[in-house]
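Summary of structural features
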Amino acid sequence: MKLNMSKMIFISMIFVSSFISLSMNNWFSMWIIMEISLFMFIPLMSKNKISDQSMKYFIIQSISSYLFIFSIIINSMNEMYINNPLTLLSLMLKIGMPPFHIWKPEIMSKLPWMECLLLTTLIKIPPMILINKLISFKMLMIPLLITLIIGSLSGLNQLNLKKMMAFSSIFNLPWMSSAFLISKKIMLTFLIFYIMLNFKLMNLFKLNNLNYLNQLNFLPLKTKMTMNLNMLSMSGLPPLLGFFPKWMILNELIKTLVILPSIMILTSMISMFMYIQINYFCMNNFSFKKKNFKNNTAKSFSILNLMVFPMMLIFWM
């Protein structure tokens, strides 16, 4: 009971600190928020004992924090507070943006699903805000393009569902960064939809005790259908729920840019192929054997995926 209570406190602290960062403008306050999230997340990883994954995560985050502070000191000496390559490098390492992304799938593959959800959603909000405040979009263009290509291609041959979700998180970093740059309205819309879709999908994986692709064979048909729709919605397939925020971002980006929206569309098709491949494997190997899996939450989200997009579209217009 005490363990569950402390876990809820840590999760609440991460949630509050991540959303407080949305209203901050001072880099030092943002850095403190990032460190609070770090020290709240490590106890969730360790579970009363120091694990290899928690030590790896702590070392990587500590290095990125030292690099960030060092870059800010250099910036203050040169009176240049934006567009420092060292600042960008430190924040890319902190959120696992390519080419500094190797640690993220490896650590996520050993974590429980709830910690995976925090690592792919709330934990990366403060660093993403700092990137968009301290780095110009022109300097950020090449890292975003590299992230789109690596994130979409790396997930194609994955059998581990946690690694697959890690690469999905990496692929969505440019979308999140673009949403932060466009407007607060689009940023909040993307965050709400992205967190909700990740929660639903990872919660299904957790309830059914899924870690690998071949375990999908033993699920009931209704759960498979719901999971498949969630995956397609995560990929941004129209007219599902996940398409709506991505369509908003593309609609704004295409007014001023050509290359980035084009690469976003092409890599989204590659990412969509990964999810469709999983769906084909899942449905083609359907088994009628009865297994003792929990699927209480997998009842109505398929209808939600199909119906919320038109409703939200009408509301937004």
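Attention in this report is confined to the structure presented alongside it.

Quick notes on the rules
Residues numbered from 1 in each chain as written. Predicted model: local features only at pLDDT ≥ 70, side-chain atom pairs only at ≥ 80, totals over all residues. Heavy atoms only, no water. 1 Å grid on protein atoms, 1.4 Å probe; cavity = no way out; pocket = protein on both sides within 12 Å on 5 of 7 lines; lining within 4 Å. Points joined across faces, edges and corners; volume = space filled by probe spheres on them. Helix = DSSP H or I, 4+ residues; strand = E, 2+ residues; numbered from the N terminus. Patch = residues over 30% accessible without salt bridge, like charges linked within 9 Å, V, L, I, M, F, W, Y side chains within 5 Å. Areas by Shrake-Rupley, 256 points an atom, 1.4 Å probe, with all protein chains shown as cover. Salt bridge = Lys/Arg side-chain N within 4 Å of Asp/Glu carboxyl O. Contact = heavy atoms within 4.5 Å. Buried < 20%, exposed > 50% of the residue type's maximum accessible area, 1.4 Å probe, protein only. Core = buried A, V, L, I, M, F, W, Y, C linked by side-chain atoms within 4.5 Å. Domains from an automatic or database assignment. Nonpolar A, V, L, I, M, F, W, Y, C, P; charged D, E, K, R; others polar. Phe/Tyr/Trp six-rings, centres within 6.5 Å; stacked < 30°, edge-to-face > 60°. Lys NZ or Arg CZ within 6 Å of the ring centre and 35° of its normal.

1. What about the layout of surface pockets?
By rolling a water-sized probe across the atoms, one finds the places where empty space is left. Its boundaries defined by the atoms lining it, the largest pocket holds a volume of some 180 Å³. Along its surface, the largest pocket is lined by M8, I11, S12, F15, F19, L117, L118, T121, L122, I195 and F199. Contributions of two or more residues to the lining of the largest pocket are made by α1 (2–20), α6 (113–120) and α11 (184–207). If one sorts the elements of the lining of the largest pocket by residue count, α1 sits on top with five residues.

2. Considering a nonpolar patch on the surface
There is a patch of nonpolar side chains on the surface, built from F39, M55, F58, I59 and I63 and spanning about 440 Å² of accessible area. Looking at the nonpolar patch, the element that brings in the most residues is helix α3 (residues 52–78), giving four residues. Looking at where I63 falls in the secondary structure, it is placed in helix α3.

3. Structural notes on the environment of L145
Mapped onto the secondary structure, L145 falls in helix α8 (residues 137–154). Linking L145 and I259, residues 114 residues apart in sequence, is a C-alpha distance of 9.0 Å. Discounting chain neighbours no more than four positions away, the residues touching L145 are I259, L260 and I263.

4. Quick notes on the environment of K56
Mapping K56 onto the fold places it in helix α3. For K56, a relative accessible area of 44% translates into the label partly exposed.

5. A closer look at the nonpolar core
One finds F41, Y57, M165, F180, F205 and M227 to be the most contacted residues of the largest nonpolar core, which totals 86 residues. Tallying contributions element by element places α11 first for this core, with eleven residues. Domain assignment of the residues forming this core places at least three in each of domain 1 (13–135) and domain 2 (136–316). Apart from residues lying up to four places away in sequence, F180 is in contact with L22, I125, M128, I129, N132, M187 and L191.

6. Observations regarding the pattern of salt bridges
Within this structure, the stated rule accounts for three salt bridges. Note that E35 and K94 form a salt bridge whose closest N and O atoms lie 4.0 Å from each other. Of the two residues, E35 is situated in helix α2 (residues 27–46) and K94 in helix α4 (residues 85–95); the sequence distance between them amounts to 59 residues. Classification of K94 by relative accessible area gives buried; the value is 7%.

7. Looking at empty space enclosed by the protein
Within this structure, the stated rule accounts for three cavities of 30 Å³ or more. Its volume calculated, the largest cavity comes out at about 110 Å³. The wall of the largest cavity is formed by 14 residues, among which Y57, Q61, K94, I123 and P127 lie closest to the centre. Elements with a minimum of two residues in the lining of the largest cavity: α2, α3, α4, α5 (103–108) and α7 (125–134). Per element, the largest residue contribution to the lining of the largest cavity is three residues, and it comes from α2. Taken together, the residues that form the lining of the largest cavity break down as nine nonpolar, two polar and three charged. Its volume calculated, the second largest cavity comes out at about 60 Å³. Taken together, N172, F190, F193, Y194, L197, S233, M234, G242, P245 and K246 make up the full set of residues lining the second largest cavity. Put simply, the parts of the chain that give the lining of the second largest cavity at least two residues each are α11, α12 (221–235) and α13 (243–253). Per element, the largest residue contribution to the lining of the second largest cavity is four residues, and it comes from α11. Looking at the lining of the second largest cavity residue by residue, the class counts come to six nonpolar, three polar and one charged.

8. Side note on the packing of aromatic side chains
For the coordinates displayed, the defined rule picks out ten aromatic pairs. Here W113 and F205 contribute two aromatic rings whose centre-to-centre distance is 4.9 Å and whose plane-to-plane angle is 35°, an arrangement assigned as tilted. One end of the pair, W113, is in helix α6; the other, F205, is in helix α11, with 92 residues separating them in the sequence. Comparing W113 with F205 shows no difference in burial state: the two are buried. Note on F193 and F244: the rings are 5.6 Å apart at their centroids and 40° apart in plane angle, and the pair reads as tilted. Remark: F244 occurs in helix α13 and F193 occurs in helix α11; sequence separation between them is 51 residues. Each of the two residues, F193 as well as F244, counts as buried. Here the aromatic cluster, defined as three or more aromatic residues joined through ring pairs, consists of W27, F28, W31 and F68. The ring of W113 is capped by K162, whose NZ or CZ atom sits 5.5 Å from the centre of that ring. The positively charged end of K246 is found above the aromatic ring belonging to W175, 5.1 Å away from the centroid.

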